[in-house]
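Observations on chain architecture
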Amino acid sequence: MQATLRDLQRARRDLQDNGVFPTGLLDARLAQSWERSLHAGLLPLANHTMPDPVSGSHFDEVLHRNAELLAHAKPVVDFLYDQIRGSHCMVVLADVQCLVLHTRGDRSFLDKAKRVALSPGASWHESNRGTNAVGTAVTDRAPIRIRGGEHFLEQNSFLHCSAAPIFSAQGKVAGAIDITGTAIASHGHTLGLASMAARMIENSWLKASYADHVHFHLHRYREGLDTPGEGIVIMSEDGFVVGANQEAMRLLGAVSGIPDATPLVGYLQERLRDLSKVIRSDVEQVRLPNRQRLYVRARYNRCESRRQAARTGSSEGRLESSAATGDALSAIDTGDRRWQMASQKVRRILDKPIALLIQGESGTGKEVFARAVHDSGPRRGRPFVAINCAAIPETLIEAELFGYAPGAYTGARKDGSLGRLREANGGTLFLDEIGDMPLVLQTRLLRVLQERSVTPLGGRPVDTDFALISATHQSLDAAMAEGRFRSDLFYRINGFNVHLPALRDHHALEDLILRLLGKFGAPSGTVIEPTLLSAMRQYLWPGNLRQLATTLQTACALLQPGEDEIGWDHLADDMVRNLSEAPTGAYWSESKGASNRASNRGVGKVESVTLDTHPCAQALSGASEGAGLRAGNFRTLSTTTVMAAVHACAGNVSAAARQLQISRETVYRYLRLSSGS
């Protein structure tokens, strides 16, 4: 029998005044939650000042971390609100930290909700708000309803709530969905609605996140397949379970989530040896170890398309298209084959505890790539903590990384600091420019990676769990040889290594430019003026992707209304100078220790040769002797010399410009002079 509001008010008073905890008034879960609330330092009758809602750029970061949860939850929130519209209630979506991400509700109740900050950015964690449906559902990992006075804080006792946790594919809580409002919001059928909504979000998220894996749909009844109540198991092509929804875990007897790299045969008595038989048929029956039978439908989705392509030979020598993959790595595909190969290889380790090391020159997009790896993997929606090891003063880096206990040193915050490593718990830690990390910190980081625990300054070890991605522009082999980088740490962070190509070696520059123009809001159909595009093709781009992006962003900002062509006047002065005057494509002799940095994109790949032996140089020698021409000395150029270079290169302006070490625009100017225009 539910306790009356008066009984609960009396219990709060006894608890606050005399320390007497109520017995018999609350069920076991609520009683435990009240105890947690009391131990968090909350007083049931006090008018607590709640933490300010997260707002501005901090809230934007919260939304970014939970982008996938929001994408799959918002349609369900809308659907759920349609079921309760007009009942003086609201639907609340919160993340795993119990921060409110999104709400929908009746105006009559939203005004009341503002009194207790039940709005986006507000925290409803038990440690801040005491017993409440969102915070308690996340803590207990189970649906719950909280009726009025059952809230620990009396100031929340006008609320009636039903909430259900939302689980990730690995069985971890990712957030909660809640119905809050008048007494109807705490009825049993309302809790059922919240639980059904949570399952819908989980299933949508699960199927979209692993679209290229094998999906096993499970149910005790054949007719239950493809309904919100089905179990779903995700299996990799090599036969390991990488994810499942809560119903599948219940059906298969997995009580604490799907373990890493669990063979499917560990759950099913019948080993499903012939997967193709299951895939070809509509539904198969399998038997569990407890002799219970389940109906199973297997679907390969895109994975089957790739298998079919491999069988027919149509995929030989080609990469899977980025559009087909549909993950965060696809969204940043630059069009370059080496970038695509790096992405494709990394996708195979996303669900495995393998440290990733990204190498490449400054500006090649290492942090962008790392963020996309995080957002494409099973930890998406969890924290992504990026640390630039070269930007933190050595005197502060230890406290910054490892945190500190309250009062650990003079000037320390009285409540201590988590440190960036613990902030990454459950998510991904990205260590940028790790080659610049001081040796003493390398030793401490190695211990963290070995023991999977962090010891803050002045504190005790705390267990932590994060995926590790590191990046550097340095040669770590050289750093180890010079004693600047520990070899044992290198082998810890170098579980899998990818190298991002420099922009000067990009094989699809035009495609990348078009993608960036769209990103920066250029009008549809915007093009680059031909001579400018030619100069861009030949430029070495020492700042790589970062420099190109800045150049195009500036150009888009300078476009006038109605303009759909970016020309030289849309560039900053320094870029005009860089693109028109700098040597942009000389052929370098390998005997002089340099690689061929200019691929002749107009006529195919050109081997690295010396300047003297290039056929264009040989043809030019006669024309240049009289003028005293030396390659790169464009002050002495004559129209005749330029025309001879173009003729010798079979009309290929790009090749002629590279040979003379001038820009294509300069060649075009001389060509216009020769034609009298």
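Anything mentioned here points back to the structure above.
In this report, we go over the structure that sits alongside the text. (Residues numbered from 1 in each chain as written. Predicted model: local features only at pLDDT ≥ 70, side-chain atom pairs only at ≥ 80, totals over all residues. Heavy atoms only, no water.)

Moving on to the pattern of salt bridges. For the coordinates displayed, the defined rule picks out 20 salt bridges. A salt bridge links R504 to E361; its shortest N-O distance comes to 2.6 Å. In this pair, R504 is assigned in the loop between β18 (496-499) and α21 (509-519) and E361 in the loop between β12 (356-359) and α15 (366-376), connecting sequence segments 143 residues apart. D465 is the salt-bridge partner of R379, the closest N and O atoms lying 3.0 Å from each other. With R379 in the loop between α15 and β13 (384-388) and D465 in the loop between β16 (462-463) and β17 (467-472), the pair connects residues that are 86 residues apart, well separated along the chain. (Salt bridge = Lys/Arg side-chain N within 4 Å of Asp/Glu carboxyl O. Helix = DSSP H or I, 4+ residues; strand = E, 2+ residues; numbered from the N terminus.)

Further remarks concern the packing of α21 against helix α22 (residues 530-538). Contact geometry for α21 and α22: axes closest at 11 Å, N-to-C directions at 115 degrees. Relative to α22, α21 is oriented so that their crossing is right-handed. Here L509, E510 and I513 of α21 come into contact with α22, specifically with L533, M536 and R537. Here the residues of the contact of α21 with α22 are counted per class, giving four nonpolar, no polar and two charged. (Axes fitted to C-alpha atoms, helices over the stretch in contact; angles between N-to-C directions. Left-handed = near helix turned anticlockwise from the far one by under 90°. Contact = heavy atoms within 4.5 Å. Nonpolar A, V, L, I, M, F, W, Y, C, P; charged D, E, K, R; others polar.)

Sheet strands pair via backbone hydrogen bonds, and the direction of the pair is either parallel or antiparallel. The antiparallel open sheet is built from five strands, whose spatial order is β2-β1-β5-β4-β3. Each edge of the open sheet carries a strand with a single partner, namely β2 (100-105) and β3 (144-147). Across the sheet, the mean angle separating the axes of adjacent strands is 15 degrees when strand polarity is ignored. For strand β1 (residues 89-95) and β2, the ladder comprises five bridges, and the chain directions are antiparallel. Bridge assignment links V92 to a residue of β2, and that residue is T103. (Pairing = 2+ DSSP bridges.)

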